[in-house]
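Residue strings, one per chain:
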Amino acid sequence: MSLTFTEEENPDTDTMKAIEDGLVGYNMPFAGYHNRKPLWLVGRDEQAVIQAGLKAVSYYQWLFIDWLWIAEPLRKQNYGSQLLTQAEGIARERGCVGVYLDTFTFQAPDFYPRHGYSE
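Residues numbered from 1 in each chain as written. Predicted model: local features only at pLDDT ≥ 70, side-chain atom pairs only at ≥ 80, totals over all residues. Heavy atoms only, no water.

How would you sum up the environment of Ala31? Please name residues and give values.
Structurally, Ala31 can be placed in helix 1 (residues 13-31). Residues Ala31 and Gln61, 30 residues apart in the sequence, show an inter-C-alpha distance of 9.7 Å. (Helix = DSSP H or I, 4+ residues; strand = E, 2+ residues; numbered from the N terminus.)

Which residues make up the pairing of strand 3 (residues 62-70), and what values go with them?
As judged from the 8 bridges shared by strand 2 (residues 50-59) and strand 3, these two strands associate in the antiparallel manner. Looking across to strand 3, one finds that Val57 is bridged to Phe64. In this antiparallel pair of consecutive strands, strand 2 and strand 3, the connection spans 2 residues, and Tyr60 shows a positive phi of 50°. Summarising the sheet, strand 3 and strand 4 (residues 98-101) pair through 4 bridges and their orientation is parallel. Looking at strand 4, one finds that Trp62 is bridged to Gly98. In this region the chain leaves strand 3, passes through helix 2 (residues 79-93) and returns to the parallel neighbour strand 4; the handedness of that crossover is right-handed. (Pairing = 2+ DSSP bridges. Right-handed = clockwise from strand over helix to strand, strands pointing away.)

Talk me through the pattern of salt bridges; I want residue IDs and the actual numbers.
Under the definition given, this model contains 4 salt bridges. Residue Asp66 pairs with Lys55 through a salt bridge whose shortest N-O separation is 3.5 Å. With Asp66 in strand 3 and Lys55 in strand 2, the pair connects residues that are 11 residues apart, well separated along the chain. (Salt bridge = Lys/Arg side-chain N within 4 Å of Asp/Glu carboxyl O.)

Account for the layout of surface pockets, with residues named and values stated.
Considered as a void within the structure, the largest pocket measures approximately 680 Å³ in volume. Leu68, Arg75, Gln107, Ala108 and Phe111 are, among the 25 residues lining the largest pocket, the residues nearest its centre. For the lining of the largest pocket, the secondary-structure elements that each account for two or more residues are strand 3, helix 2 and helix 3 (111-114). Looking at the lining of the largest pocket, the element that brings in the most residues is strand 3, giving 6 residues. Class assignment of the residues belonging to the lining of the largest pocket gives a composition of 13 nonpolar, 6 polar and 6 charged. The space that makes up the second largest pocket amounts to roughly 360 Å³. Taken together, 16 residues make up the lining of the second largest pocket; nearest its centre are Leu101, Thr103, Tyr112, Ser118 and Glu119. Of all elements in the fold, only strand 4 and helix 3 reach the threshold of two or more residues within the lining of the second largest pocket. Ranked by residues supplied to the lining of the second largest pocket, first place goes to strand 4 with 3 residues. A class-by-class count of the residues in the lining of the second largest pocket yields 9 nonpolar, 5 polar and 2 charged. (1 Å grid on protein atoms, 1.4 Å probe; cavity = no way out; pocket = protein on both sides within 12 Å on 5 of 7 lines; lining within 4 Å. Points joined across faces, edges and corners; volume = space filled by probe spheres on them. Nonpolar A, V, L, I, M, F, W, Y, C, P; charged D, E, K, R; others polar.)

Pulling in residues and values, what's your account of the environment of Thr85?
Mapped onto the fold, Thr85 is located in helix 2. Overall, the relative accessible area of 45% leaves Thr85 in the partly exposed class. Residues Thr85 and His115 lie 30 residues apart in sequence; the distance between their C-alpha atoms is 8.9 Å. (Buried < 20%, exposed > 50% of the residue type's maximum accessible area, 1.4 Å probe, protein only.)

Give me the lowdown on the sheet that holds strand 3, citing residues and values where you can.
A sheet is described by the order of its strands in space; here 4 strands give the open sequence 1-2-3-4, paired in mixed fashion. In this open sheet, the two strands that pair with only one neighbour each are strand 1 (37-44) and strand 4. Each adjacent strand pair in this sheet contributes to an overall mean axis angle of 25°, direction not counted. The sheet strands contacting helix 2 are strand 1, strand 2, strand 3 and strand 4, and the helix crosses strand 3 at an angle near 160°. (Axes fitted to C-alpha atoms, helices over the stretch in contact; angles between N-to-C directions. Contact = heavy atoms within 4.5 Å.)

Here it is, written out as structure tokens:
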């Protein structure tokens, strides 16, 4: 058997499911049921305009944070800390034992260490 790899910007649902099912099937004997559950926290102002948000997913007893964003005029007003704290609380309720987050070094370099995160 040989494989040909192609880049697909928008794979269809069946393609994504085949890859996910393959990985989950492999992981099951080692890690058990993954209980994948998305987490979105959205911050809206008085006019319902989105000003902040967090995107994460929990599975295998971990919370994986992909995005945490606060609109420029609202930064340094504790909203990021509130978002992170709320996400951590939800993670604990879901039985998570840890948090993994992905960020660039230029994105709030002092914020995450202040909250106990390290590289």
